Amino acid sequence: MLYTNLNHIESAAEHQKVISENENVMICCGRMGPMCIPVYEIMEELEPQYPHVKFYDMEFDNPDARVIREAPECRGFMGLPFTVYYKNGKIVKATSSIQTMDQVKSILNQEFGVPVTA
Amino acid sequence: MMKSDIHYDVIVLGAGPAGLTAGIYLSRARIRTLIINEGTVGGQMVLTHEIANYPGVETTSGYQLSGIMKKQARSFGCDIVGNASLRELMLEGPVKMVRLSDGREYSASAIILAPGGRPRQLGVPGEETFRGKGISYCATCDGDFFTGKEIIVVGGGNSALEEAVSLTKYASRVTIVHQFDHFQAFEYAIEEARNNPSIRFILSSTIAAFHGNEKLQSVDIKNLLTGELHNMPIDGVFVFIGYVPNTEFLRGKLNLNEYGEILVNANMETGINGVFAAGDAVAKRFRQITTAVGDGTVAALAAAQYVYTFRQQKQAEAVKIN
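Residues numbered from 1 in each chain as written. Chains lettered and ligands numbered in written order. Predicted model: local features only at pLDDT ≥ 70, side-chain atom pairs only at ≥ 80, totals over all residues.

A.B. asks: Explain the overall build of chain B here, please?
C.D. replies: Secondary structure assignment for chain B yields six helices and 17 strands. Along the longest, intermediate and shortest principal axes, the C-alpha atoms of chain B span 80 × 40 × 35 Å. A burial count over chain B gives 45% of its 322 residues as buried. Sequence-distant contacts in chain B: of pairs separated by 6 or more residues, those separated by 24 or more amount to 63%. (Helix = DSSP H or I, 4+ residues; strand = E, 2+ residues; numbered from the N terminus. Buried ≥ 20, exposed ≤ 12 C-beta atoms within 10 Å, placed from the backbone. Contact = placed C-beta atoms within 7 Å.)

Have a look at this one:
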C-alpha cells in the first residue's frame, strides 16, 4: 500500500485503462522508500500545475506492476522508483531512481508540453 | 533593494530536522515563521529507513518522523513552501530578502540557514549514466535488485560497513573499496564486516570510472599507492562516502570553512547580524537527527531573542519620531 495523495493504480487492467483513456500519463512505480517518497511528493506538488497530465503511483511489489517492471524501456533499471511517462498509451520516457523537481519538470515539459497558465 | 511580497519575523531555509525544529519552536512562540525548502520536506531524515535511537520515540522511519515534525510546525502556524528553487538571497542589513525562481519574494527580520547536506558522489566518469542502473546510494531501497550478484560498496565509515554487511543478505559477494588503508568506522562495525565471509576488501583504492551499456558492467579501480588501474566486472556499486553541505549558494555571503560548512558560535549565530545556522551544514563533528534538532532549537531561541530586540528597537525609534 502506498500512502501518498496520488491516485493509485492497483491492477494491470486499471493500468491499461488509464494509459488508453488519457493522452499524457506519469506513473511512479515504487515503495514507501527513501528514494521513492521524494518523487511522489514532487508529483503531488506538480499535479495541479499540469492539468493536461494524469499522475499516478503503483506499488512495485504488486504482481501486476510487471507491466512497468518488465517494460523494455525499464530494462537495466536497478534503482527504485521506476518512473514512466506515457503518451497515447506508449512509453515515451522512463527513469530509474530518485529524480529532482527540475528533472521531472523538464521531462513533463519536453514530452507533454509546458502547462498553459491563465 | 528587493521589495518583498510577504514579510515574516523569521525565514528558515531548509526543512530537515533542524529547520522543522526551528519552525516548531518559533511558531509556538508566536513568531511569524516561513520555512522554505528546496527538496523534500524532512531532508536527509526522509532517506533514513529506520530510526531506532531517537529518544522518546519507538523505532520509526525517517518519513514518519519528518511527517510528524511537519505536522507539528504547521499546527503552530508555521508556513512551509516545499520544492522551491532559490534564486536570490540577501543576508546583510536589517531586512533579509529571499527570492524564488518562480518570482515569489519574502522578507524577514532574521534568517536561519538549515540547508543540510546531500550524499557525496564519487564524481567520476559514468556515475551519472549508471545511477539507478547499477549505481545506488540506498541499500534498503535497491538491495534486492542485486540478489545473487557481485557488488562493490565504496567507503570506510559506519554507513559503508554497516550497509555492506546488510547487503550480504542479497549479494553473493560484497567487495568494500576504500581510499585509505584503515577504516573510520567504529570498531564494532569493522569487526562485523571483517567477520563476514561474503565480504572482501580492496584498500588504498578508489573507483576511477564506471562502464557498461544498458546497465553497469564493470569499474576501473585505481590503486592510490601505485597508481595502477585494473578493470573489475561488477553488477552493482553502492556509494557511502559521506555528505557534502548544501552551501554553494552561500559562498561569498558568509563565513564558510574549507569544507563549505557554515561557521557559527554557541548560539548558532553566523558572522552576520540576524543570520543563524543549524543542522548538518554547520561546521561540527557529529551529524545526527538529534544534533540537528538541538541546533534548530538553539537557533530558534536565539533568533526569537533577536526578533524581540529588533521589535523593541523599532518601537523605540517610532516613539522618538512621534
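A.B. asks: Would you take a moment to explain helix α4 (residues 101–112) of chain A for this structure?
C.D. replies: Every α-helix winds through 3.6 residues per turn, so residues three or four apart in the chain are directed the same way. Residues and elements named next belong to chain A. Across its twelve residues, α4 extends 16 Å between first and last C-alpha, which sits within 8% of the 16 Å expected from 1.5 Å per residue. Considered for burial, the residues of α4 that qualify are Met-101, Val-104, Leu-108 and Phe-112. One side of α4 carries all its buried residues, which in axial view fall inside an arc of 70 degrees. In this structure, α4 carries Asp-102, Ser-106, Asn-109 and Gln-110 as exposed residues pointing more than 90 degrees from its buried face. Here the buried face of α4 lies against β2 (24–30), α2 (37–46) and β4 (82–87). Where α4 ends, the next residue or the one after it, Gly-113, has phi of about 95 degrees, a positive value. (Expected span 1.5 Å × (residues − 1). Arc of directions from axis to C-beta.)

A.B. asks: So what exactly am I meant to see when it comes to the interface of chain B and chain A here?
C.D. replies: Taken together, the contact pairs 22 residues of chain B with 18 residues of chain A. Elements with a minimum of two residues in the side of chain B that touches chain A: α2 (62–75) and α3 (139–142) of chain B. In terms of residues, the side of chain B that touches chain A owes the most to one element, α3(B), which gives three residues. Here the side of chain B that touches chain A is composed, by residue class, of six nonpolar, eleven polar and five charged. (Nonpolar A, V, L, I, M, F, W, Y, C, P; charged D, E, K, R; others polar.)

A.B. asks: Explanation requested: the nonpolar core in the structure shown.
C.D. replies: Side chains that are nonpolar tend, in soluble globular proteins, to be buried together. Residues and elements named next belong to chain B. One finds Ile-112, Ala-277 and Ala-303 to be the most contacted residues of the largest nonpolar core, which totals 126 residues. If you tally residues by element for this core, the top one is helix α6 (residues 289–321), at eleven residues. Formed jointly, this core draws a minimum of three residues from each of two domains, domain 1 (6–119 + 243–321) and domain 2 (135–239). (Core = buried A, V, L, I, M, F, W, Y, C linked by C-beta atoms within 7 Å. Domains from an automatic or database assignment.)

A.B. asks: What should I look at first to understand the pairing of strand β12 (residues 205–212) of chain B in this one?
C.D. replies: For a regular strand, side-chain orientation follows a simple rule: the groups alternate between the two sheet faces. Residues and elements named next belong to chain B. Across seven bridges, the pairing between β12 and strand β13 (residues 216–223) is antiparallel. Bridge pairing in β13 links Ser-205 to Asn-223. Linking β12 back to β13 in an antiparallel pair, the connection comprises three residues. (Pairing = 2+ DSSP bridges.)

A.B. asks: I would appreciate a short explanation of the sheet that holds strand β11 (residues 199–202) of chain B in the present structure.
C.D. replies: Pairing between the strands of a sheet comes from backbone hydrogen bonds, and it takes one of two forms, parallel or antiparallel. All names here are of chain B. One open sheet accounts for five strands, arranged β8-β15-β9-β10-β11; its pairing is parallel. With partners counted over all chains shown, the strands left at the sheet margins are β8 (135–136) and β11, one partner each. Sitting on the sheet, helix α4 (residues 158–167) touches β9 (150–154), β10 (173–177), β11 and β15 (236–239), and the angle it makes with β9 is about 165 degrees. (Axes fitted to C-alpha atoms, helices over the stretch in contact; angles between N-to-C directions.)

A.B. asks: So what exactly am I meant to see when it comes to the packing of helix α1 (residues 17–28) of chain B against α2(B) here?
C.D. replies: In a packed pair of helices, the relevant descriptors are the angle between the two axes and the axis-to-axis distance. All names here are of chain B. It is the contact of α1 with α2, at a shortest axis distance of 8 Å, that shows an interaxial angle of 25 degrees. Here α1 lies roughly parallel to α2, going by the angle between them. Handedness of the α1/α2 crossing: left-handed. Between α1 and α2, the residues in contact are Pro-17, Leu-20, Gly-23, Ile-24 and Ser-27 and Met-69, Lys-70, Gln-72 and Ala-73, respectively. Each residue belonging to the contact of α1 with α2 can be placed in one class, and the counts come to five nonpolar, three polar and one charged. (Parallel < 35°, antiparallel > 145°, perpendicular 65-115°, else oblique. Left-handed = near helix turned anticlockwise from the far one by under 90°.)

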